[in-house]
Amino acid sequence: VTSQDLANPCVAWLNDRRQTLRNQRGELLSWELQTGTLEEDSCALMKARHIAPSQSSLSHSLVAVAAAIEPKTVYLAGRPFDKNWILHCDSANVTFIAYDV
């Protein structure tokens, strides 16, 4: 999920590597780019099983609420947890994977 102007630099980085990024099993990675309305973007975040959310309370809250229904894997840069946010390292049904940028 990103803004409709596609200004996030991650969009270009991911698109440039669409045919070469592979997981640990060597399988080609796939992803969907969502640039819809607030309702559409919220639904996309809540339905996703693997999520690399921005550092916003909205995206973290949507993921936390959705995790109550279905387990999620959340990828975060470093250890950016704010103990006051609803999504944190003790969240049920959430596996966190930290990565370096």
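Residues numbered from 1 in each chain as written. Predicted model: local features only at pLDDT ≥ 70, side-chain atom pairs only at ≥ 80, totals over all residues. Heavy atoms only, no water.

J.: Mind showing me how you'd approach the overall build of the protein here?
T.: Counting its regular elements, the protein contains three helices and three strands. Burial statistics for the protein: of 101 residues in total, 23% are counted as buried. At a minimum sequence separation of 6, the contacts of the protein that also span at least 24 residues come to 30%. Of the accessible surface of the protein, which amounts to about 7300 Å², a share of 53% is contributed by carbon and sulfur atoms. (Helix = DSSP H or I, 4+ residues; strand = E, 2+ residues; numbered from the N terminus. Buried < 20%, exposed > 50% of the residue type's maximum accessible area, 1.4 Å probe, protein only. Contact = heavy atoms within 4.5 Å. Areas by Shrake-Rupley, 256 points an atom, 1.4 Å probe, with all protein chains shown as cover.)

J.: Just to check I follow, could you spell out the pattern of salt bridges for this structure?
T.: Any two side chains of opposite charge can pair, given that their charged atoms come close. What the rule picks out here adds up to two salt bridges. In this structure, the salt-bridge partner of Arg25 is Glu27, at a minimum N-O distance of 3.0 Å. Look at Glu27 and you get partly exposed, because its relative accessible area is 39%. In this structure, Glu70 and Lys72 form a salt bridge, with 3.3 Å as the shortest nitrogen-oxygen distance. (Salt bridge = Lys/Arg side-chain N within 4 Å of Asp/Glu carboxyl O.)

J.: Help me understand the nonpolar core in this model?
T.: If you look at the biggest cluster of nonpolar residues, it comprises ten residues: Leu45, Ile51, Leu62, Val63, Ala64, Ala67, Val74, Leu76, Leu87 and Val94. Broken down by element, this core gets its largest block of residues, four residues, from helix 3 (residues 57-67). Contacts of Ala64, omitting those with residues within four sequence positions, involve Ile86 and Leu87. (Core = buried A, V, L, I, M, F, W, Y, C linked by side-chain atoms within 4.5 Å.)

J.: Please explain the sheet that holds strand 2 (residues 72-77) as it appears in this structure.
T.: Pairing between the strands of a sheet comes from backbone hydrogen bonds, and it takes one of two forms, parallel or antiparallel. One open sheet holds the three strands; their spatial order is 1-2-3, and the pairing between them is parallel. Two strands lie at the open edges of the sheet, namely strand 1 (50-51) and strand 3 (94-99), each paired on one side alone. Inspection of the sheet shows strand 2 paired to strand 3 by six bridges, in the parallel sense. Across the sheet, the residue bridging to Ala77 is Tyr99, located in strand 3. Contacts between helix 3 and the sheet are confined to strand 1, strand 2 and strand 3, with strand 2 contributing the most and set at about 155 degrees to the helix. (Pairing = 2+ DSSP bridges. Axes fitted to C-alpha atoms, helices over the stretch in contact; angles between N-to-C directions.)

J.: Just checking my understanding: could you explain the packing of helix 2 (residues 38-47) against helix 3 for this structure?
T.: Packed helix pairs are specified by the crossing angle of their axes together with the interaxial distance, meaning the distance between the axes. Their axes nearest at 8 Å, the elements helix 2 and helix 3 cross at an angle of 50 degrees. By the angle between their axes, helix 2 is oblique relative to helix 3. In the packing of helix 2 onto helix 3, the handedness of the crossing is right-handed. When helix 2 is examined against helix 3, the residues Leu38, Ser42, Leu45 and Met46 are found in contact with a partner set consisting of Leu58, Ser59, Leu62, Val65 and Ala66. Residue composition of the contact of helix 2 with helix 3, grouped by class: seven nonpolar, two polar and no charged. (Parallel < 35°, antiparallel > 145°, perpendicular 65-115°, else oblique. Left-handed = near helix turned anticlockwise from the far one by under 90°. Nonpolar A, V, L, I, M, F, W, Y, C, P; charged D, E, K, R; others polar.)

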